[in-house]
Amino acid sequence: MLIFALPVLLAAVLGATPSGAELYAQKCASCHGAQQWGSPDGPSLRRVGLADVDFYLSTGRMPAAVPWIEVEHRDERAGQQLPLAQIRALEAYLAPVVAGGPALPQVVAGRNADRGRELYAVNCQQCHGVGGTGGSIGRADWAPALHAATIEEVADAVRAGPGEMPRFGEQQFSQSELDDLAGYVLLMQSGQPGSGIPSSSTGPVPEGALGYLAIVVLIAFVFGFWRRESGGRSG
Ligand code: HEC
Ligand code: HEC
């Protein structure tokens, strides 16, 4: 009796949200294939892991509007993102298929900001920049700014390693290290990353700063020279 009542009950609770299978057929299958093995328009989703699915859906990178064009700029992606209920339905539907890759991470903002800063400086800063401003990585690619990412998206990205980003598993970051790192990214977003951001980065920011410094020194030199000259004449 209960067995028969359950689907009806579930449908009532879920309301208007289409099922994960329906959503997948409507919004994903044309590129990723009816059986998730991929197609000429999109890669296989088999064993990619729920962290990966959650990252691509919650940041609005998927569903892609055009095959092989992943909209990388968050602003341009605005509007493309599915409602949360649909994302959860898709994840529930895809879970068995994508199993084998990085699982959906659990994360809470860690409080050890020093450890978070250290982990960020060593593992993330070379691509995402001091302060999470993002920057160019190599000839054609770039790492996005981290200012808009939620804590879940940070954890997803770390575990799944989208695109050019490396994947950091449990061997690289323990759960508590992931928490501290994610907590630090949130601190950066609020503009209070704590004391002493290390200045040893090789990212784009210090190089730009060096350029400015050179100009300032040059101006100071010219100005000092001019002052000495004009000072000599008047005095
Ligand atoms: C118009 C075609 C298209 C549609 C529709 C589409 N995708 Fe994609 N998807 C792609 C392409 C192309 C990539 C590879 C992007 C890249 O590598 O930059 C991709 C990548 C992904 C990835 C990352 C795979 C990996 O190897 O890490 C996931 C997860 C994903 N899509 C899920 C979805 C889901 C879920 C939907 C439906 C809501 C969807 N996609 C709809 C084309 C599409
Ligand atoms: C080799 C360069 C590189 C390193 C190192 C790197 N990332 Fe990334 N990261 C990227 C790239 C490239 C993307 C965009 C991937 C895409 O869209 O396909 C990205 C995306 C992200 C995003 C999604 C941002 C958004 O708003 O969509 C987050 C969050 C993130 N990275 C966090 C981190 C953290 C935390 C670390 C350190 C543990 C890290 N990354 C290390 C290159 C890197």
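For the structure itself, look to the data block above.
Residues numbered from 1 in each chain as written. Chains lettered and ligands numbered in written order. Predicted model: local features only at pLDDT ≥ 70, side-chain atom pairs only at ≥ 80, totals over all residues. Heavy atoms only, no water.

Participant: Could you give me a rundown of the overall build of the protein, with the residues and numbers involved?
Facilitator: Helix and strand counts for the protein come out as 11 helices and 2 strands. In sequence order, the secondary structure elements of the protein are arranged as α-α-α-α-α-α-α-α-β-β-α-α-α. Counting only residues that meet the buried cut, the protein has 34% of its 235 residues in that class. Counted over contacts in the protein with a minimum sequence separation of 6, partners at least 24 positions apart contribute 63%. Split by element, the accessible area of the protein, about 14300 Å² in all, is 62% carbon and sulfur. (Helix = DSSP H or I, 4+ residues; strand = E, 2+ residues; numbered from the N terminus. Buried < 20%, exposed > 50% of the residue type's maximum accessible area, 1.4 Å probe, protein only. Contact = heavy atoms within 4.5 Å. Areas by Shrake-Rupley, 256 points an atom, 1.4 Å probe, with all protein chains shown as cover.)

Participant: How would you sum up the coordination of the iron atom of ligand 1? Please name residues and give values.
Facilitator: Donor atoms from the polypeptide that bind the iron atom of ligand 1 are His32 (NE2) and Met62 (SD), placed at 2.0 to 2.2 Å. Note that the iron atom of ligand 1 binds 6 donor atoms; their angles at the metal cover 87 to 178°, and the shape is octahedral. Of the two residues, His32 sits in helix α3 (residues 29–32) while Met62 sits in the loop between α4 (50–58) and α5 (74–77), which places them 30 residues apart along the sequence. Exposure remark for Met62: the relative accessible area of 21% places this residue in the partly exposed category. (Donors = N, O, S within 2.8 Å, 3.2 Å for Na, K, Ca; no water. Tetrahedral: all angles 85-135°; square planar, octahedral: opposite > 155°, others 65-115°.)

Participant: Which residues make up the coordination of the iron atom of ligand 2, and what are the values?
Facilitator: Only His128 (NE2) and Met165 (SD) from the protein coordinate the iron atom of ligand 2, and they sit 2.0 to 2.3 Å from it. Coordination at the iron atom of ligand 2 is octahedral: its 6 donor atoms span angles of 87 to 178° at the metal. Placement of the pair is His128 in helix α8 (residues 125–128) and Met165 in the loop between α9 (151–160) and α10 (175–189), with a sequence separation of 37 residues.

Participant: So what's going on with the pattern of salt bridges? Which residues, and what values?
Facilitator: A complete count under the given rule lists 5 salt bridges for this structure. Ionic pairing is found between Arg88 and Asp54, a salt bridge with its closest N-O pair at 3.3 Å. Taken together, the positions of Arg88 in helix α6 (residues 84–98) and Asp54 in helix α4 put the pair 34 residues apart, joining distant regions of the chain. Since its relative accessible area comes to 43%, Arg88 is described here as partly exposed. Judged by its relative accessible area of 5%, Asp54 falls in the buried class. With its nearest N and O atoms 2.9 Å apart, the salt bridge here joins Asp180 to Arg115. Highlighted residues: Asp180 in helix α10 and Arg115 in helix α7 (residues 113–123), separated in sequence by 65 residues. Taken together, the shared-partner salt bridges in this structure form one network comprising Asp54, Arg88 and Glu91. (Salt bridge = Lys/Arg side-chain N within 4 Å of Asp/Glu carboxyl O.)

Participant: Help me get a handle on the packing of α4 against α9, residues and values and all.
Facilitator: For the pair α4 and α9, interaxial distance at closest approach is 8 Å and the crossing angle is 130°. On the basis of the axis angle, α4 is oblique to α9. α9 is crossed by α4, and the crossing has left-handed handedness. Here α4 contributes Ala51, Asp52, Asp54, Phe55 and Ser58 to the contact with α9, which in turn contributes Glu153, Asp156, Ala157, Arg159 and Ala160. Partitioned by chemical class, the residues of the contact of α4 with α9 number 4 nonpolar, 1 polar and 5 charged. (Axes fitted to C-alpha atoms, helices over the stretch in contact; angles between N-to-C directions. Parallel < 35°, antiparallel > 145°, perpendicular 65-115°, else oblique. Left-handed = near helix turned anticlockwise from the far one by under 90°. Nonpolar A, V, L, I, M, F, W, Y, C, P; charged D, E, K, R; others polar.)

Participant: Break down the site of ligand 2 for me, with residues and values.
Facilitator: As a structural note, the neighbourhood of ligand 2 is formed by 28 residues, with Arg61, Cys124, Cys127, His128 and Met165 the closest of them. Contacts to ligand 2 include Arg61, whose side-chain N or O atom sits 2.7 Å from an oxygen atom. Note that a nitrogen atom of ligand 2 is positioned 2.8 Å from one of the side-chain N or O atoms of His128. Listing elements by their share of the shell around ligand 2, those giving two or more residues are α5, α8, β2 (141–143) and α9. (Near = heavy atom within 4 Å. Polar contact = N/O pair within 3.5 Å; in protein donor to acceptor, adjacent residues only side chain to side chain.)

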